[in-house]
Amino acid sequence: MNRKEKEKYIQDFNFPYCKNVIKYKKIVKIGQGTFGEVFKGIDTTNPNKFVALKKILTENKLQEFPRTALREITLLKALNHENVIKLIEVCRTKGTLENQYETSFYIVLEFCEHDLAGLLSNPNVKFTLGEIKKVLQQILNGLFYIHKRQVIHRDIKSANILITKNGILKIADFGLARWFSEVMAKQTKGYTNKVVTLWYRPPELLLGSKMYGPPIDIWGVGCIMAEMWIRMPLMRGDTEQKQLLCISQLCGSITKKVWPKVTECPLYNKMNLPEDQTRKVKERLGKFIKDSNALDLLDNLLLLDPDKRIDTNNALDHDFFWTDPMPCELNEMLAKHSQSMFEFLIPRRSGNIPPTRVPGGTSRSSSITIDSKFQDRIF
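First things first, this report covers the structure right here in the doc. (Residues numbered from 1 in each chain as written. Predicted model: local features only at pLDDT ≥ 70, side-chain atom pairs only at ≥ 80, totals over all residues. Heavy atoms only, no water.)

## Some details on the pattern of salt bridges
- A full pass over the atoms with the stated rule returns 12 salt bridges.
- A salt bridge links K170 to E110, with the nearest nitrogen and oxygen atoms 3.6 Å apart. One end of the pair, K170, is in strand β10 (residues 169–171); the other, E110, is in strand β6 (residues 105–110), with 60 residues separating them in the sequence. Side by side, K170 and E110 carry an identical accessibility label, which is buried.
- One salt bridge in this structure joins K261 and D307, with 3.5 Å as the shortest N-O distance. Of the two residues, K261 is situated in the loop between α8 (240–251) and α9 (281–285) and D307 in the loop between α10 (292–301) and α11 (312–316); the sequence distance between them amounts to 46 residues.
- Residue K261 is classed as partly exposed on the basis of its relative accessible area, which comes to 45%.
- Among the ionic contacts, a cluster of salt bridges with common partners joins K54, E72 and D173. (Salt bridge = Lys/Arg side-chain N within 4 Å of Asp/Glu carboxyl O. Helix = DSSP H or I, 4+ residues; strand = E, 2+ residues; numbered from the N terminus. Buried < 20%, exposed > 50% of the residue type's maximum accessible area, 1.4 Å probe, protein only.)

In structure tokens:
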């Protein structure tokens, strides 16, 4: 057996169903996912086809394939919806004769030209009310689909909302997503609460709850909805305690009166929770949002009690989406902007989003900046 035959044997023996990534060529880094870097790439067999290449970071020197990556791949293979990112295939780089296991894996995904955080960071990108409705409608459509299939995303934020040049929105980065059910939660004694980027993390997770479900994603939609008007993340604490303070200042004190089951949260009696805050969602955000239906929907998305928080079905049926102006397509507005816009490519300035807390101790930071004076106008 010659050298080439040995190389082919090694690769086919270890990864018989995983094609070689040499088919794709990297162009530029466009993101930092939960468990790996993301690149814009091109299919060398089809020069008109761009893809996103998400490199899977192995967990240790033995290059063990992360369980979280396996879960992400499994979930994406099971999901098929216009508003959910599409998995094309999983590829690998070649190993060597000296070390047949020295290989890198890539999740190959459909390419989108922008993410929502990148678009909102650009003052030249202006959304009309009808276009804002279309963005939120597509997010909720995607979440309605994955929630019906017993999946929770667990990292809903503007940077994980991708948009094609034709205005089709895709929920992306399923690195923290998982299947869920009440039975499963009880059998496993709940799920980890170290999920969701801090500024988009709901109060039940901040208070240590491990028994949760789709409402944690709904809270993220509420944060994104406010962000569509104020053009930056809504609540920006740099610790769990400060994030709870931001939530209390906007949504009111976290008490048994407004949230009867809050005492079941492990950290309820261990965190410093303000007791004198009234709910001011409509009052404070009404300075920026002049549509009464928008304020009402936002108020229901950001309810402290997850059991009372509106679900995707009722949110899509809300008057906000069924009154003039109706949701309108984004392609005409996006056609004015030929350059891709991603959160990762925004120049860093004075402050960064705190890192995402994820299982295994990994973290990532973002480049969206804090404008303290602007935040003071809300809080």
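After presenting the structure, the write-up continues.
## A word on the nonpolar core
- Core analysis: the biggest nonpolar cluster contains 101 residues, and F127 and L285 have the highest contact counts within it.
- With 11 residues, helix α7 (residues 215–230) is the single largest residue contributor to this core.
- One finds F39, L53, C91 and V108 within the second-largest nonpolar core, a separate group that totals seven residues. (Core = buried A, V, L, I, M, F, W, Y, C linked by side-chain atoms within 4.5 Å.)

## Considerations on unusual backbone geometry
- In this structure, the amide linkage connecting D324 to the following residue, P325, adopts the cis form with an omega of -5°.
- Locating P325 in the fold gives a position in the loop between α11 and α12 (331–334).
- Even without being glycine, Q150 reaches a positive phi, approximately 60°.
- By the element assignment, Q150 lies in the loop between α4 (129–148) and β8 (151–152).
- Positioned with a positive phi, D173 is a non-glycine residue whose angle comes to about 60°.
- With respect to the helices and strands, D173 occurs in the loop between β10 and β11 (178–179).

Structural measurements only, silent on function.
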